[in-house]
Amino acid sequence: MTDLKTLIDRLSGLDFKTMFADDFFLTWEKSYDELMATYTVADILRAMREQNISPRIFDSGLAVSLFRDNSTRTRFSFASAANLLGLTVQDLDEGKSQIAHGETVRETANMVSFMADVVGIRDDMFIGKGDSYMREVSLALKEGFEDGNLEQRPNLVNLQSDIDHPTQSMADMNHIITSMGGVEQLKGKKLAMTWAYSPSYGKPLSVPQGIVGLMTRFGMDVVLAHPTGYEIMPDVEEIAVQNAKASGGSFSKTNNMAEAFADADFVYPKSWASFKSMERRTNLYSAGDSEGIKALEKELLAENANYKDWAATEALMATTAGGKALYMHCLPADISGVSCQEGEVDGSVFDRYRVPLYKEASHKPYIIAAMIVLSRIKDPVAKFEELIKRNTPRFFV
Amino acid sequence: MTDLKTLIDRLSGLDFKTMFADDFFLTWEKSYDELMATYTVADILRAMREQNISPRIFDSGLAVSLFRDNSTRTRFSFASAANLLGLTVQDLDEGKSQIAHGETVRETANMVSFMADVVGIRDDMFIGKGDSYMREVSLALKEGFEDGNLEQRPNLVNLQSDIDHPTQSMADMNHIITSMGGVEQLKGKKLAMTWAYSPSYGKPLSVPQGIVGLMTRFGMDVVLAHPTGYEIMPDVEEIAVQNAKASGGSFSKTNNMAEAFADADFVYPKSWASFKSMERRTNLYSAGDSEGIKALEKELLAENANYKDWAATEALMATTAGGKALYMHCLPADISGVSCQEGEVDGSVFDRYRVPLYKEASHKPYIIAAMIVLSRIKDPVAKFEELIKRNTPRFFV
Amino acid sequence: MTDLKTLIDRLSGLDFKTMFADDFFLTWEKSYDELMATYTVADILRAMREQNISPRIFDSGLAVSLFRDNSTRTRFSFASAANLLGLTVQDLDEGKSQIAHGETVRETANMVSFMADVVGIRDDMFIGKGDSYMREVSLALKEGFEDGNLEQRPNLVNLQSDIDHPTQSMADMNHIITSMGGVEQLKGKKLAMTWAYSPSYGKPLSVPQGIVGLMTRFGMDVVLAHPTGYEIMPDVEEIAVQNAKASGGSFSKTNNMAEAFADADFVYPKSWASFKSMERRTNLYSAGDSEGIKALEKELLAENANYKDWAATEALMATTAGGKALYMHCLPADISGVSCQEGEVDGSVFDRYRVPLYKEASHKPYIIAAMIVLSRIKDPVAKFEELIKRNTPRFFV
């Protein structure tokens, strides 16, 4: 555990002032320093909690959650982050029909935010919708504040959109940094973001997109591997190309899983649906074509079944750097012989990486809390120094 | 923003001591000073929050919510109010059948209240049931406390009954007072509470009843307008008559929307179902007659469709005082060409009043919090002075 | 009300140090002193709340609740206990299928616990499953902590398993102790835990099992009465036999309700399903045999109907000690002529004991809070002295 003073010194050396009063939609909209500030604040919050120093900055306040898809992990991470800072989560359970047009988005955004400090949104199911919905909410909150309806402008945290899943990719990255003992160790390391077979269908694209959109920022050699037809959004690929160029790393694509795994330091094998089929699904939903949706599901499951050999097997893992690549996953994984007959990963591989996987997941609440802190606190360095001096125990043990 | 000292001085001049340890069911059970105390405390809480002074008076405690109907706005308002004061909302999701007879009401009231400071109930769907259910809960809580089962008697806030919707009408009234720059400006002003066409059916009567039952307290000329057949409860009309007499204003009725709008300073056009049809529906539900309910719904929708010209059009708005009446609504409104083809209000009218409408809604959390404070705090003047002196920031920005 | 100093002195004389950092599964796994410490801490927390001294020991933290069965009373009790201590409840609503095998239990336990201080589980429906599920979660939390995934090991509170219902039986026992004016008054007193007729089916065994497993610890003469075929788990009966031997009381069984009631000081008449039929049900559920489940339900309801005379009638109550046995129930009761035609208890009997019944229930939140305190606080005596000295009001009245 890095000590608090070192972490706060590190934070004070970074330039992240534009994060104040701003939202977090996509990692590639944030500067390198802003990403590093997020990791550093996450580490500070974790260290404070470990040392039983309460990082509570709100005496009251609401963290509104708007989940347009089921979720256990992200819901608990958001609730944990809010609670750690003193906010109470209030869920907005809204039928999809009620927020179908711009009119009501603006109204809803205002109605739930009179005492909100943060709004967390998960809206990842429909291509071309999630991110734009979040921007619409954000704009409505900005207007609501400027018009004097809201006493403060709550900040928005993207808890998963159709484009990016920043709380996941940022947690994953902090796991990598922690595992390697520092971000400066990442240059030249190879990361394989690969498709993997799952007996289920339609898993969101935001994870692979989030990973290649973020991991290319740190000088790594990032390989995206998937069967033909499982393409991610072209715009995000372009981001990855630009990122790699700027960071001195590389971004490449392959349709060969073995090639991606060869000598990799990090492997992230995971199922997803192709960009194009998700676009088709979105259109079928818009048209209310339930027969079409069923037919598409059947077609996609059949297509998936052509690629059952895309799995993180022991044999493939043995080809990674020293046979010891860090296996990563956002969980839950489809584990062959455990949660399904044939899936994304061999049972023995998953089992060997269970502790690192749980550690990977443990970063998410702190990443979310860090995003909240950086959007709400003008001078976090001074504030942390004050909180540490105040030294209120989190728990009067 | 009125400064805190002025507001607290105003509060200290009012007589509201019987609100302590009492419930809030109907505005017409409260004295004029008690209404004014509620507005003043709402304004104090708002000013404290704006100045980042925490008005938290509970270190722990529950605010039990019992919603017997769906709700987003009132739920968030109640959650915001509870949170601001330090209470945690605990929802009681109870099947309707379980609380069908007095036996279980008494038991439920005790079981959920061992650590409750407040109980908020919304029960507006069935004529003749909601208010009496709340009184039954209130009596049970009183007995539970006197018998020593409960360590404190939690106070009840009516979050909408079949008779009144006091958190709505009080928020609406504080919006009027704020817009006019003081309650003393209201004498002689004209307010039109009018029915309006909606393509949906069975909207609660508690809003128009709450409005005419409250707005007649301040010397205004209140007009209730609706087509024949859309009568509200006669008892509430009688209250309005008496109120107007006592306050030096007037209360009149018309079946002509234009007459109501003419020279009005405030207009509140909104759909509702008639008292008698709601009584019929209640009886059909009691009899479990689902065919009868469907037939009634069809009949009432057809009846509504006879009055599509009852809408807040630009033409009608132009006939109000200076063409600039304050358009009011409890939201969500049925907006012609936006949320429905033909509805309660023209899109352009709604759009012009969007900011005032959201401000109107913004009063509700503070009104609810004020009701809680006045029912739980014996000497609010002293307590507010203490809280301001303590000066704990709501948010350690 | 015993004064705080006396209670804290009593606590300091007890040996309960192994409760720290431990779970609460079954009362018979706890020593006599540990049971007494739980009652004493419950009484301390209650006295502090009555005297408006906040017993809040957490500045933030989550109390995760995992209810695998509907519940109002236990849910509110858990929420109240958590809130009193400063924890926020976060519900884990999980489909049964998702947590069907060891793999996912371990993962789920870790994923929801990154910031959890307590996990409360209710899993009572399936014989042979609930307790073992809780132990699996407990083990996973222990491993998660040892592996460094979790910063603290949250403690587990059994909110009802297939074997025991300790928060209920402990609340019931504290009600008895309070009613009698001290645990030393219980020696030689007679308690009848008897089956009673209910028109419903399949009520859990954990209540009668919990009662005979706990009440035999205090030198009472405990009688378990039920018709042939309504046997409880043999292992728990054996526990009761051993307990009675050790405490100087007795444990006996009868198939005659009148015999059990004769001269009883406490009567606890309540419906349950037999151990064997619940085992059959569990197997039918495992096999997905819905026809079999329906047939079993029919069979069991028919069987129940043979024993409609098993009810706490006025006549039977008259045969108890002085005609004044303390009537007990975990609520809700099936009351003849009130909530059903024929049920567990006469309406007049229930009505006479309404206040004691609600008092009985009022102990549960404090018992749960006491379990949390004893599992999380290393030196509760010192901590309570500190909290009393700090004297933060629970409510700034």
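Fair warning: this is a prediction, and the values are worked out from it, not measured in the lab. (Residues numbered from 1 in each chain as written. Chains lettered and ligands numbered in written order. Predicted model: local features only at pLDDT ≥ 70, side-chain atom pairs only at ≥ 80, totals over all residues. Heavy atoms only, no water.)

## Details of the overall build of chain A
The helix and strand tally for chain A stands at 15 helices and 11 strands. Here the C-alpha radius of gyration of chain A, 21 Å, is about what a compact globule of 397 residues would show, namely 21 Å. Overall size of chain A, expressed as C-alpha extent along the three principal axes, is 55 × 50 × 40 Å. Within chain A, the proportion of its 397 residues that are buried is 63%. Summing over all exposed atoms, chain A offers an accessible surface of approximately 13700 Å²; the carbon and sulfur share of this is 51%. Side chains of chain A carry 42 positive and 55 negative charges; the gap between the two charge centres is 4 Å. (Helix = DSSP H or I, 4+ residues; strand = E, 2+ residues; numbered from the N terminus. Rg over C-alpha atoms; globule rule 2.2 N^0.38 Å. Buried < 20%, exposed > 50% of the residue type's maximum accessible area, 1.4 Å probe, protein only. Areas by Shrake-Rupley, 256 points an atom, 1.4 Å probe, with all protein chains shown as cover. Lys, Arg positive; Asp, Glu negative; His and termini not counted. Charge placed at Lys NZ, Arg CZ, Asp CG, Glu CD.)

## Here we look at the packing of helix α3 (residues 73-85) of chain A against helix α14 (residues 354-376) of chain A
All names here are of chain A. With their axes 8 Å apart at the nearest point, α3 and α14 run at an angle of 50° to one another. Judged on the interaxial angle alone, α14 and α3 are oblique. As for how α3 packs across α14, the hand of that crossing is right-handed. Residues Thr 74, Ser 77, Phe 78, Ser 80, Ala 81, Leu 84 and Leu 85 of α3 form the contact with α14, whose participating residues are Lys 364, Pro 365, Tyr 366, Ile 368, Ala 369, Ile 372 and Val 373. Taken together, the residues of the contact of α3 with α14 break down into 10 nonpolar, 3 polar and 1 charged. (Axes fitted to C-alpha atoms, helices over the stretch in contact; angles between N-to-C directions. Parallel < 35°, antiparallel > 145°, perpendicular 65-115°, else oblique. Left-handed = near helix turned anticlockwise from the far one by under 90°. Contact = heavy atoms within 4.5 Å. Nonpolar A, V, L, I, M, F, W, Y, C, P; charged D, E, K, R; others polar.)

## Some details on the state of the cysteines
Residue and element names in this part refer to chain A. If you walk through the whole model with that rule in mind, you get 0 disulfides over all chains. Free cysteine Cys 330: the closest other cysteine sulfur is in Cys 340, separated by 14 Å. Residue Cys 330 is classed as buried on the basis of its relative accessible area of 14%. (Disulfide = S-S within 2.5 Å.)

## Here we look at the nonpolar core
Of all hydrophobic cores here, the largest spans 414 residues; its most connected members are Tyr327(A), Tyr327(B) and Tyr327(C). Setting aside its immediate chain neighbours within four residues, Tyr327(B) contacts Val267(B), Pro269(B), Ala312(B), Met317(B), Ala333(B), Val345(B), Val349(B), Phe350(B), Tyr353(B), Leu357(B) and Glu360(B). (Core = buried A, V, L, I, M, F, W, Y, C linked by side-chain atoms within 4.5 Å.)

## Quick look at the interface of chain A and chain C
Listed by partner, the interface residues are 33 residues for chain A and 31 residues for chain C. Here chain A packs against chain C, burying approximately 3200 Å² in sum over the two surfaces, 54% of which is carbon and sulfur. Looking at the side of chain A facing chain C, the largest losses of area belong to Phe76(A), Tyr358(A) and Phe396(A), adding up to 23% of the total buried there. In this structure, Arg49(A) engages Glu151(C) in a salt bridge whose closest nitrogen and oxygen atoms are separated by 3.8 Å. At the boundary of chain A and chain C, one finds 15 residue pairs in polar contact (both at pLDDT 80 or more). Going through the elements one at a time, α2 (32-50), α3 and α14 of chain A are the ones with two or more residues in the side of chain A that touches chain C. Ranked by the residues each element gives to the side of chain A that touches chain C, the list is headed by α14(A), at 8 residues. (Buried area = accessible area lost by both parts, 1.4 Å probe. Salt bridge = Lys/Arg side-chain N within 4 Å of Asp/Glu carboxyl O. Polar contact = N/O pair within 3.5 Å; in protein donor to acceptor, adjacent residues only side chain to side chain.)

## Regarding the sheet that holds strand β2 (residues 88-91) of chain A
Residue and element names in this part refer to chain A. Spatial ordering of the open sheet is given by β2-β1-β3-β4, a layout of 4 strands whose pairing is parallel. Strands with a single pairing partner mark the edges of an open sheet, and in this sheet they are β2 and β4 (155-161). Across the sheet, the axes of successive neighbouring strands diverge by a mean angle of 20°, strand direction being ignored. Relative to β4, strand β3 (residues 116-123) runs parallel, the two being bridged by 5 bridges. Across the sheet, Asp 123 pairs through a bridge with Ser 161, a residue of β4. Where α14 meets the sheet, its contacts fall on β3 and β4, and the angle it forms with β4 comes to roughly 150°. (Pairing = 2+ DSSP bridges.)

## Some words on the pattern of salt bridges
Summed over all chains, the structure comprises 77 salt bridges over all chains. Where Glu29(A) meets Arg135(A), a salt bridge forms, and the shortest distance between an N and an O atom there is 2.8 Å. Of this pair, Glu29(A) sits in the loop between α1 (4-12) and α2 while Arg135(A) sits in helix α5 (residues 130-146), and the two are 106 residues apart along the sequence. Here Glu50(C) makes a salt bridge to Arg46(C), at a shortest N to O gap of 3.9 Å. Of this pair, Glu50(C) and Arg46(C) both sit in helix α2 (residues 32-50), 4 residues apart, which is roughly one turn of the helix.

## Digging into the relation of the copies chain A and chain C
With an axial shift of 0.1 Å and an RMSD of 0.0 Å, the rotation relating chain A to chain C amounts to 120°. The transformation relating the two chain copies, once decomposed into turn and shift, fits a three-fold axis. When C-alpha distances to the rotation axis are compared across chain A, the minimum falls at Thr88(A), with a value of 4.8 Å. Little of the interface of chain A is mirrored in chain C: 3% of its interface residues are interface residues there too. (Least-squares fit on C-alpha atoms with pLDDT ≥ 70 in both.)

## Considering the interface of chain B and chain A
Contacts between the two partners involve 33 residues from chain B and, on the opposite side, 31 residues from chain A. With a closest N to O distance of 2.6 Å, Asp117(A) and Arg394(B) form a salt bridge. Viewed at the interface, chain A and chain B are joined by 15 residue pairs in polar contact (both at pLDDT 80 or more). At the level of elements, α2 (32-50), α3 (73-85) and α14 (354-376) of chain B are the ones that each hand at least two residues to the side of chain B that touches chain A. Top element by residues in the side of chain B that touches chain A is α14(B). It accounts for 8 residues. Looking at side-chain class alone, the side of chain B that touches chain A contains 17 nonpolar, 7 polar and 9 charged residues.

## Side note on α2(A)
Counted at 1.5 Å a residue, the expected span for α2(A) with its 19 residues is 27 Å, and the 27 Å between its end C-alpha atoms agrees. Taken across its 19 residues, α2(A) has 15 buried, putting it largely inside the fold. (Expected span 1.5 Å × (residues − 1).)

## With respect to the relation of the copies chain B and chain A
For the match of chain B to chain A, the screw axis carries a shift of 0.0 Å, the RMSD comes to 0.0 Å, and the turn is 120°. Different-surface contact between copies: only 3% of interface residues of chain B are shared with the interface of chain A.

## Remarks on the packing of aromatic side chains
Residue and element names in this part refer to chain B. This structure, assessed with the given rule, holds 28 aromatic pairs over all chains. With a centroid separation of 6.5 Å and 75° between ring planes, the pair formed by Tyr 327 and Phe 350 is classed as edge-to-face. With Tyr 327 in strand β9 (residues 326-327) and Phe 350 in helix α13 (residues 347-352), this residue pair connects regions lying 23 residues apart in the sequence. Taken individually, Tyr 327 and Phe 350 each receive the classification buried, so the pair is uniform in this respect. (Phe/Tyr/Trp six-rings, centres within 6.5 Å; stacked < 30°, edge-to-face > 60°.)

## Here we look at the side chain of His363(C)
In this fold, His363(C) is placed in helix α14 (residues 354-376). Once you skip the residues sitting within four places of it in the chain, His363(C) turns out to touch Arg46(C), Ala171(C), Asn174(C), His175(C) and Thr178(C).

## Quick word on the confidence of the model for chain A
Residues and elements named next belong to chain A. Residues of chain A with pLDDT of at least 70 account for 97%, and the chain-wide mean is 94. Counting interchain partners and residues more than four positions distant, the pLDDT-below-50 stretch residues 96-102 has 10 contacts. Confidence estimates for the predicted assembly give a pTM of 0.96 and an ipTM of 0.94. (pLDDT = per-residue confidence, 0-100.)

## Section: the environment of Ser31(A)
All names here are of chain A. By the secondary structure assignment, Ser 31 is in the loop between α1 and α2. The partly exposed category is assigned to Ser 31, whose relative accessible area is 31%. Separated by 109 residues in the primary sequence, Ser 31 and Ala 140 place their C-alpha atoms 25 Å from one another.

## A word on the pairing of strand β1 (residues 62-67) of chain C
Residues and elements named next belong to chain C. Within β1, 6 of the 6 residues are buried, which leaves it mostly tucked inside the rest of the structure. Burial of the side chains of β1 extends over both faces: Leu 62, Val 64 and Leu 66 are buried on one face and Ala 63, Ser 65 and Phe 67 on the other. Bridging between β1 and strand β2 (residues 88-91) involves 4 bridges; their strand directions are parallel. Residue pairing in the sheet places Val 64 in a bridge with Gln 90 of β2. In the classification by handedness, the crossover that spans β1, the intervening helix α3 (residues 73-85) and the parallel β2 is right-handed. (Right-handed = clockwise from strand over helix to strand, strands pointing away.)

## Some remarks on helix α10 (residues 275-286) of chain A
All names here are of chain A. The terminal C-alpha atoms of α10, which comprises 12 residues, lie 17 Å apart, in line with the 16 Å expected from a rise of 1.5 Å per residue. Listed as buried for α10 are Phe 275, Ser 277, Met 278, Arg 281, Thr 282 and Leu 284. In this structure, the buried residues of α10 make contact with α8 (234-247) and α11 (290-305). Of the residues one or two after α10, Gly 288 is the one with positive phi, at around 65°.

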